[in-house]
2 protein chains.
Amino acid sequence: MRKHNFSPGPATLPAVVFQQAADALVDYNHSGLSIAEISHRAPEFMQIIEEASALVRELYQLPDYFEVLWLPGGASSQLAVAPMNLLGLNDSMAIVDTGFWALRSIDAARELAQVHVLASASETHYDRIPKDWTLPADAKYLHVVSNETIEGIQYHQYPEVDIPLVADMTSDFLSKPLDVDRFGIIFASAQKNFGIAGITCVLVNTKVLPSNSDRKVPTIFDYRTHIQNQSLYHTVPTFPVYVALLMLRWIKAEGGLDEMQKRSIAKSELLYTEIDRNPLFEGIAVKEDRSVLNACFRAISPEIEIQFLAHCSKNNVVGIKGFPTVGGFRASMYNGMNIESVELLVDLMKNFKPEL
Amino acid sequence: MRKHNFSPGPATLPAVVFQQAADALVDYNHSGLSIAEISHRAPEFMQIIEEASALVRELYQLPDYFEVLWLPGGASSQLAVAPMNLLGLNDSMAIVDTGFWALRSIDAARELAQVHVLASASETHYDRIPKDWTLPADAKYLHVVSNETIEGIQYHQYPEVDIPLVADMTSDFLSKPLDVDRFGIIFASAQKNFGIAGITCVLVNTKVLPSNSDRKVPTIFDYRTHIQNQSLYHTVPTFPVYVALLMLRWIKAEGGLDEMQKRSIAKSELLYTEIDRNPLFEGIAVKEDRSVLNACFRAISPEIEIQFLAHCSKNNVVGIKGFPTVGGFRASMYNGMNIESVELLVDLMKNFKPEL
């Protein structure tokens, strides 16, 4: 029996996707070859990566001047690679400190350029998105962590600014429609909403790439290299791209990004309603900034937390322990998470009788 | 029926490994979870990466001062990352131009430091390893491409120098025992000898890491980051690591690196003997530098080449077309390649009757 896995990423995918991926790993489309032994330059794989890019393009309705890249290295590499590509040696960028991933982004960008931290939610332990700040005139772009996976807060409206947004969307990519024109770069690792660990999708608005820069970007980290070579400058992680394609097909077949958003809202409302109702639990983030992907909450005592974790575990609900810096619980509900699993978690909360 | 796949990488793996990987993708060890949805920080995955590192350590008999890292980004990233980590802004490294991957390494290193190209095999179309050169006094290390996958030439003896070797072993990692103490850094992508595309194993001899440098290496590309965090600074590509573990277990169970070497020699001798005997074919590299992993050869006319490719294809032998810059055929015979497949290819060469 499959467990109900609320892990923050790598995260659960629909069972049918895991099965399709497994079948292809043994014999891809009755070709007598594993999908993972096919050359990244073979026509069979070229079709896969082209279809995956076309689906991202279609789902987000990307204009022509956006490029879809498939890169290894993870979103964490993009925290350095994006500033390398966008900023000259004396340029600056701006960022709002929303939590763990904003801090990582600040550290990575500071190694390369000037960073304006416009505001920080650290004083309230990152329970909200700071919205009261002023953009300095010299910032080339505003970096946003679209959804802070660890603290469970999310931008429901992106800041209105005159400069491009560079967005780390690792935990809410493909979970809702976007006005992409406001973005310079969007990047996301696959292992939350659209695949397994090992591949990052990067959307590059070519209008924001500087035509020249005083920074020497290593060829392998230059977006232009991968645009020119359609992500095949070197061996792309072929199997992770294939799983991403399966997820993209699944997302489209299920109804696209409007439907993913509807489901995310439905799942998270179900859970937050119970968190707010149940006197044994309390939410961590302020309501208006709560993430629909990662619901962070705690029990009213550490002893009750231990008992509830055991109650979940006994009922095949796993992966809900919070990150150490936040504590409590975190239920991650990405595209691959069924509402039935959330219903089960809510039932467990309702029926939970701690021994005091 | 499984095809006989001589692709240069991504490359074939034993059928049992693909099957084990597929089973784990649906249900890992009867856990009710896919291996690909388990957190990289969960005990189940920590065991996997620790066992994989321990097996690399055991197979290569690594001394304590070597660290085993599992990094995303591919060996191509390491062509930039290794010089970043080892060279100060005014330092220099040396390299012998042995072919496609040496040229890539030269280009990547030149973006970061001084590069001494000691010799080049370009005049003979990279059919041999240049051995007549002098090491400049200021080179911090010598970069070697252990096996040039595209041209089919391989170091059977590494150069005897007083500085550390930095080796791109992507196409012959885990294919033979090594005197590791001569190496500063060894890196290899998994998709040839020990897994699928998406993960790179990097062996770092900590004795060669400079204690300080005037170069600011971005944290994400600093080997120290990944040493301190045991490759879990960010989300490692978990499924590719798991497949690497399956291959490492398989390599050990089959007899380890001595046995892999014995098999590589047996497979390649079988094929080269036929290439040399058969008047319809000719080898490309000089005999003493022929790769035991990638045998490059051609037919005596382009028309015969087309016919032989069709003959192979009809008999379920695929992936033997040479790289465009070299032409002809390339039969790649990594750890996952059965000698039976090589025997079949040799039989096809023997029985091949071109229509002239």
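A quick note: this is a predicted structure, and the numbers were derived from the prediction, not measured.

Analysis parameters
Residues numbered from 1 in each chain as written. Chains lettered and ligands numbered in written order. Predicted model: local features only at pLDDT ≥ 70, side-chain atom pairs only at ≥ 80, totals over all residues. Heavy atoms only, no water. Helix = DSSP H or I, 4+ residues; strand = E, 2+ residues; numbered from the N terminus. Least-squares fit on C-alpha atoms with pLDDT ≥ 70 in both. Contact = heavy atoms within 4.5 Å. Buried area = accessible area lost by both parts, 1.4 Å probe. Salt bridge = Lys/Arg side-chain N within 4 Å of Asp/Glu carboxyl O. Polar contact = N/O pair within 3.5 Å; in protein donor to acceptor, adjacent residues only side chain to side chain. Core = buried A, V, L, I, M, F, W, Y, C linked by side-chain atoms within 4.5 Å. Buried < 20%, exposed > 50% of the residue type's maximum accessible area, 1.4 Å probe, protein only. 1 Å grid on protein atoms, 1.4 Å probe; cavity = no way out; pocket = protein on both sides within 12 Å on 5 of 7 lines; lining within 4 Å. Points joined across faces, edges and corners; volume = space filled by probe spheres on them. Nonpolar A, V, L, I, M, F, W, Y, C, P; charged D, E, K, R; others polar. Pairing = 2+ DSSP bridges. Axes fitted to C-alpha atoms, helices over the stretch in contact; angles between N-to-C directions.

Participant: Residue-level account of unusual backbone geometry, with values.
Facilitator: The step from G9(A) to P10(A) runs through a cis peptide bond, and the omega angle for that step is -5°. Within the fold, P10(A) resides in the loop between β1 (4-5) and α1 (15-26). Despite not being glycine, S231(B) shows a phi value in the positive range, around 65°. Looking at the secondary structure, you find S231(B) in the loop between α5 (223-228) and α6 (238-254).

Participant: Describe in detail the relation of the copies chain B and chain A, supporting the description with residues and values.
Facilitator: Between the two copies, chain B and chain A, the superposition gives an RMSD of 0.0 Å; the rotation angle is 180° and the shift along the axis is 0.0 Å. Here the transformation between the copies is reduced to the relation of a two-fold axis. An overlap of 100% is found between the interface residues of chain B and their copies at the interface of chain A, pointing to a shared contact surface.

Participant: An account of the interface of chain B and chain A is needed here, citing residue identities and associated values.
Facilitator: Tallying the contact residues gives 52 residues for chain B and 52 residues for chain A. At the boundary of chain B with chain A, total buried surface from both sides reaches about 4200 Å², with 60% on carbon and sulfur atoms. Looking at the side of chain B facing chain A, the largest losses of area belong to P10(B), E37(B) and E111(B), adding up to 15% of the total buried there. Summed over the shared surface of chain B and chain A, the result is two salt bridges. A salt bridge links E37(B) to R2(A), with the nearest nitrogen and oxygen atoms 3.0 Å apart. Viewed at the interface, chain A and chain B are joined by 14 residue pairs in polar contact (both at pLDDT 80 or more). Only α1 (15-26), α3 (74-86) and α6 of chain B provide two or more residues apiece to the side of chain B that touches chain A.

Participant: Describe the nonpolar core, listing the residues and the values that go with them.
Facilitator: Note on soluble globular proteins: their nonpolar side chains tend to be buried together. Formed by 144 residues in total, the largest nonpolar core has its most connected members in W70(A), F173(A), F239(A), Y60(B), W70(B), F173(B) and F239(B). With near-sequence residues (within four places) excluded, F239(A) lies in contact with A21(A), L25(A), I35(A), A36(A), I196(A), L25(B), I196(B) and F239(B). Counting 71 residues, the second-largest nonpolar core is a separate cluster that includes I106(A), F221(A), V115(B) and V202(B).

Participant: An account of empty space enclosed by the protein is requested, with residue identities and associated values reported.
Facilitator: For the structure shown, the criterion picks out two cavities of 30 Å³ or more. Reported here for the largest cavity is a volume of approximately 250 Å³. Elements that contribute at least two residues to the lining of the largest cavity include exactly α3 (74-86) of chain A together with α3 and α5 of chain B. Partitioning the lining of the largest cavity into residue classes produces eleven nonpolar, ten polar and two charged. S76(A), L79(A), A80(A), R104(A), D107(A), A108(A), E111(A), P218(B), T219(B), I220(B) and Y233(B) are the residues that line the second largest cavity. Elements that contribute at least two residues to the lining of the second largest cavity include exactly α3 and α4 (100-110) of chain A. A per-class count over the lining of the second largest cavity returns six nonpolar, two polar and three charged.

Participant: Which residues make up the sheet that holds strand β14 (residues 329-332) of chain A, and what values go with them?
Facilitator: Residues and elements named next belong to chain A. Reading across the sheet, the three strands line up as β11-β12-β14 and stay open at both edges, with antiparallel pairing between neighbours. Unpaired on one side and paired on the other, β11 (281-283) and β14 mark the two borders of the sheet. Going from strand to strand, the sheet's axes swing by 35° on average, the running direction of each strand aside.

Participant: Break down the side chain of S105(B) for me, citing the residues and quoting the values.
Facilitator: You can see S105(B) is positioned in helix α4 (residues 100-110). With residues near it in sequence (within four places) discarded, S105(B) still touches L79(B), I95(B), H143(B) and V145(B).

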